[in-house]
Amino acid sequence: MITSLFTITCNVFAATPTAHGELSSDMFTDSKKCAQCHAITHDQWEGTMHYNAYEDPFYQKEVLAASNDTQGIVDEFCSRCHTPIGVVSGEIPPIDGSDLSAIAREGVQCDLCHVISGSNGTGNAPFVVSPGNIKWGPFDDSRAAYHESEYLELYTRSEYCGMCHDVTHPLNGLVVDDTYTVWKEGPYAEEGVVCQDCHMTSGITKFEANPGRAGSGAQKREHISTHAIVGGNAFITEILGEERYGEMAVERLEKTATLSIDAPQIGQRGDNVSLNISITNSGAGHKIPTGVSEIRQIWLAVSVKDGSGKQVYNTGEVYDNGTIRYTKMYNTVLGDAQGQPTLSFWLAQSILEDNRIPPRGTVSEKYTFRIPDDVTYPLAVEATLKYRSAPQDLIDHLFGEDVYEVPVISMTEISTNIYETEEAAADAATPATPGVGALGSVTILLCAAYYYMERRET
Ligand code: HEC
Ligand code: HEC
Ligand code: HEC
Ligand code: HEC
Ligand code: HEC
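About the criteria used
Each chain carries its own residue numbering, running from 1 in the direction its sequence is written. To label them, take the chains in the order written and letter them from A, then take the ligands in the order written and number them from 1. Reporting in this predicted model follows two pLDDT cut-offs: at least 70 for local features of residues, and 80 or more for side-chain atom pairs to be given and counted; totals over whole chains, interfaces and linings ignore these cut-offs and use all residues. Excluded from the side-chain calculations are hydrogens and water; all other atoms, namely the structure's heavy atoms, are used. Comment: axis = line fitted to C-alpha atoms, over the contacting stretch for helices; angle = value between 0 and 180 degrees taken between N-to-C directions. Only runs of H or I of at least four residues qualify as helices and only runs of E of at least two qualify as strands under DSSP, and these elements are numbered from the N terminus. When describing relative orientation, an angle under 35 degrees is termed roughly parallel and one over 145 degrees roughly antiparallel, while 65 to 115 degrees is termed roughly perpendicular and anything else oblique. When checking whether two residues touch, look at their non-hydrogen atoms; a contact exists if any pair is within 4.5 Å. Residue type decides the class: Asp, Glu, Lys and Arg count as charged, Ala, Val, Leu, Ile, Met, Phe, Trp, Tyr, Cys and Pro as nonpolar, and the leftover types, Gly among them, as polar. What makes a residue near a molecule or strand is one non-hydrogen atom of that residue sitting within 4 Å of it. By the criterion applied in these results, polar contacts are pairs of N or O atoms within 3.5 Å in which, for protein atoms, one can donate a hydrogen and the other can accept it, and in which residues neighboring in sequence qualify only through two side-chain atoms. Note on donors: an N, O or S atom is included if it sits within 2.8 Å of the metal, or within 3.2 Å for Na, K and Ca, and water is never included, so sites can look incomplete. Any site counts as irregular unless it has four donors with all angles between 85 and 135 degrees, making it tetrahedral, or four or six donors with opposite ones more than 155 degrees apart and the rest between 65 and 115, making it square planar or octahedral. Two strands qualify as a pair provided that DSSP identifies no fewer than 2 bridges between them. Domain boundaries shown here were taken from an automatic or database domain assignment. Each Phe, Tyr or Trp ring, with Trp reduced to its six-membered ring, pairs with another whose centre is within 6.5 Å; inter-plane angles below 30 degrees give stacked pairs, above 60 give edge-to-face pairs, and intermediate values give tilted ones. Classification of residues uses two cut-offs on accessible area relative to the type maximum, computed with a 1.4 Å probe and protein chains only: under 20% is buried, over 50% is exposed, and between them is partly exposed. By nonpolar core we mean a set of buried residues, namely Ala, Val, Leu, Ile, Met, Phe, Trp, Tyr and Cys, connected to one another through side-chain atoms within 4.5 Å.

Draft legend 1. Representation of the packing of helix α4 (residues 57-69) against helix α14 (residues 392-399) in the model. One can describe the packing of α4 onto α14 by two numbers: an axis separation of 11 Å at closest approach and a directional angle of 75°. The angle between α4 and α14 places the two elements in the roughly perpendicular class. Packed against α4, whose contacting residues are P57, F58, K61 and E62, the element α14 presents L394, I395, L398 and F399 at the interface. For the contact of α4 with α14, the residue count by class is 6 nonpolar, no polar and 2 charged.

Draft legend 2. How the structure looks around the site of ligand 4. The local shell around ligand 4 holds 26 residues, among which C195, C198, H199, H286 and Y387 are the closest. Contacts to ligand 4 include H199, whose side-chain N or O atom sits 2.8 Å from a nitrogen atom. Within the backbone of T290, a nitrogen or oxygen atom sits 3.4 Å from an oxygen atom of ligand 4. Of all the elements in the fold, those that place two or more residues in the shell around ligand 4 are α9 (179-185), α11 (195-199) and α13 (243-254).

Draft legend 3. Here's a closer look at the coordination of the iron atom of ligand 3. Looking at the iron atom of ligand 3, one finds its protein donor set to be H50 (NE2) and H165 (NE2), positioned 2.1 Å from the metal centre. Metal-centred angles of 84 to 179° between the 6 donor atoms at the iron atom of ligand 3 mark the site as octahedral. Of the two residues, H50 sits in the loop between α3 (39-45) and α4 while H165 sits in the loop between α8 (158-162) and β5 (167-168), which places them 115 residues apart along the sequence.

Draft legend 4. Inspection of the environment of G132 at higher detail. By secondary structure assignment, the location of G132 is in the loop between β2 (127-129) and β3 (134-137). Residues G132 and T29 lie 103 residues apart in sequence; the distance between their C-alpha atoms is 8.5 Å. When sequence neighbours within four positions are dropped, the list of residues in contact with G132 reads M27 and V115.

Draft legend 5. Fine view of the sheet that holds strand β16 (residues 362-370). With respect to topology, 3 strands assemble into an open sheet ordered β9-β10-β16, the strand pairing being antiparallel. The open sheet has two edge strands, β9 (257-262) and β16, and neither has a second partner. Pairs of neighbouring strands in the sheet enclose a mean axial angle of 20°, with direction left out of account.

Draft legend 6. Highlighting the site of ligand 5. In the vicinity of ligand 5 lie 24 residues, with D56, C78, C81, H82 and R296 positioned nearest. Here an oxygen atom of ligand 5 sits 3.1 Å away from a polar atom, N or O, in the main chain of V292. Residue R296 places a side-chain N or O atom 2.9 Å away from an oxygen atom belonging to ligand 5. Counting residues per element, the ones that place at least two in the shell around ligand 5 are α4 and α5 (75-82). Grouping the constituent residues of the shell around ligand 5 by class yields 14 nonpolar, 6 polar and 4 charged. Inspection of the shell around ligand 5 shows a minimum of three residues originating in each of domain 1 (2-221) and domain 2 (257-429).

Draft legend 7. Structural context of the packing of aromatic side chains. With the rule as written, the count across this model stands at 9 aromatic pairs. On the numbers, 5.8 Å between centres and 35° between planes, the contact of Y180 with W183 is tilted. Taken as a pair, Y180 and W183 lie in helix α9 at a separation of 3 residues, close to a single helical turn. You'll find Y180 and W183 in the same group, each marked buried. The interplanar angle of 25° and the centroid separation of 5.6 Å between the aromatic rings of Y313 and F369 together place this pair among those described as stacked.

Draft legend 8. Local environment of the coordination of the iron atom of ligand 4. Only H199 (NE2) and H286 (NE2) from the protein reach the iron atom of ligand 4 as donors, at distances of 2.0 Å. Coordination at the iron atom of ligand 4 is octahedral: its 6 donor atoms span angles of 87 to 179° at the metal. Taken together, the residues span a long stretch of sequence, with H199 in helix α11 and H286 in the loop between β10 (272-281) and β11 (297-305) at a distance of 87 residues.

Draft legend 9. Up close: the nonpolar core. Among the nonpolar cores identified, the biggest contains 40 residues, and F28, I116, F127, V129 and Y160 are the most heavily contacted of them. Secondary-structure elements contributing two or more residues to this core are α4, α5, α6 (84-88), α7 (110-114), β2, β3 and α8. Two domains share this core, each providing at least three of its residues, namely domain 1 (2-221) and domain 2 (257-429). Not counting residues up to four positions away in its chain, the partners in contact with I116 are F127, V128, V129, W136, L152, L154, Y155, Y160 and M163. Within the second largest apolar cluster, 35 residues are counted, among which are L259, I288, V381 and Y387.

Draft legend 10. Representation of unusual backbone geometry. Along the chain, P93 connects to P94 via a cis peptide bond; the corresponding omega equals 10°. Tracing the sequence through the fold places P94 in the loop between α6 and α7. Residue P378 is reached from Y377 by a cis peptide bond, and omega for that bond is -5°. Within the secondary structure, P378 is located in the loop between β16 and β17 (379-388). Despite not being glycine, Q71 has its phi angle at roughly 50°, a positive value. Mapped onto the secondary structure, Q71 falls in the loop between α4 and α5. Q71 sits in the exposed class, given a relative accessible area of 69%. With phi around 55°, N124 is a residue other than glycine that occupies positive phi space.

Below you can see the structure in the form of structure tokens.
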């Protein structure tokens, strides 16, 4: 009876997001307190982009620019996701953070996330926060000495993440981040695969159970979620010295997509050759890239070299100054009031292009080149899918030249050869000498043995 009354009350209030300045920051608990009993969880969260959501130097530069460009109109808007405690406690504005408490600087932290008692839908952070002794979470049978525990289904659903991972422009309603909406309309939602299944387990592209205890003295459970919530950010994580999350981001990017290539096996000098390269978003529950997808960059680098290593064709190469040799970018292009491309989403009024790859979707590109008269065979064709967190010139503009180099990550690659004759192609397909064949078999046997040993160790 008491529980059901409580639930009813909660639902009634769930419609009203907590307002600016409605609470004070001393109502929230420092994450170090939670670490006393949730040490592993704390260790996983500390250093993630949630932990750094406010201190993130890239965000810091951009939010000041946004504030400047809009005479402060967006201050509260941006801060509601990047320092939620700062907003509900009214410590922001001022946007320079001069009134901000230490706990608000913890970004998206433990207590904030676990005193969310409801939400008015998704997008633009419509959360209801009820700081205090009750911590809400995914368990309906949880007992702790320090705090009360309350089950809320929201925590197990994508709608929880969708509060902050869908962003519409506060003044003109333009959708600038559609991560949740795309997931909702895509194949994963239909199959019941939620954000937590990929981002709060070690599974990366699908759920993997992680048995353990959620706190000291707690019962053993079949699955405890991991709070090392990682996306593709190997840039800011590295700047902040959080290498382990940079490495996890690279690992995630490497499992995101697959490539296939359709090229002729034979080509003569002087021929025009067409390559068809397809990219499939095989691992992400949303488009790739997602989030600030006007800033993220995904592209194909394609190179063809002849038998002597001489370049025959090349696109998507990154020059020393960080610019990319002409190629198609898989991201979004936002347009400002004049219809010109802009990377400043607070100035955006339209979406000029959306070239991202949908979940389980495939896009294909055609590349054509002429085989020069002086090549040596075979021609080696190589395609690599690349990811960069931001254009180098944007980072140079914000932080100064030669301060940070944005890492270029190879997500996946594929290669093939083009031969001069059918015979050469056939020779390459079957090992010519018995020696090579025998060596090959030994390698396979060794690999099999190694694999077997690895399996036994885990
Ligand atoms: C971005 C919001 C967010 C942050 C930050 C966060 N959590 Fe969670 N936490 C969740 C969600 C969502 C779940 C439920 C995941 C599921 O079961 O699908 C959860 C689950 C839990 C659980 C239940 C056990 C488990 O792991 O499944 C505990 C305990 C917990 N969190 C403690 C913490 C502590 C301590 C911190 C800070 C170190 C923290 N959380 C930070 C969102 C958050
Ligand atoms: C004195 C130890 C202790 C402290 C301090 C502590 N917890 Fe817990 N907490 C526990 C235990 C034990 C559980 C039970 C875990 C279980 O049921 O598997 C728990 C459970 C939880 C749950 C799961 C609730 C549910 O119903 O799903 C959440 C969320 C949580 N704690 C968050 C926090 C946060 C946030 C803090 C810091 C503000 C915190 N805890 C501080 C011991 C503690
Ligand atoms: C209170 C708002 C909030 C909630 C709730 C929230 N996030 Fe986030 N999340 C953020 C913000 C803000 C950032 C970006 C921080 C930055 O890069 O400066 C972020 C960053 C991330 C990243 C890192 C992105 C990258 O480029 O590496 C991932 C992944 C992520 N969130 C997933 C989730 C998932 C999954 C959930 C639900 C379990 C969730 N978030 C819930 C606000 C939130
Ligand atoms: C099927 C697994 C899967 C599901 C479901 C999934 N993600 Fe992801 N997510 C990934 C992979 C893989 C990446 C890395 C590719 C990338 O960064 O674009 C990623 C990247 C991200 C990023 C960083 C994007 C970038 O490039 O900056 C964010 C933010 C994110 N996910 C949030 C979410 C949210 C929120 C949900 C639920 C609405 C969700 N994800 C559902 C697998 C998944
Ligand atoms: C509704 C929540 C929300 C609001 C409002 C919001 N952001 Fe974010 N922001 C996010 C999330 C979630 C991410 C992570 C997405 C990703 O990794 O691609 C993010 C990422 C970013 C990043 C990239 C950080 C990095 O390390 O790569 C910048 C910069 C940024 N936001 C600036 C802003 C500015 C400026 C505003 C206001 C004009 C703003 N944000 C408003 C949720 C929000």
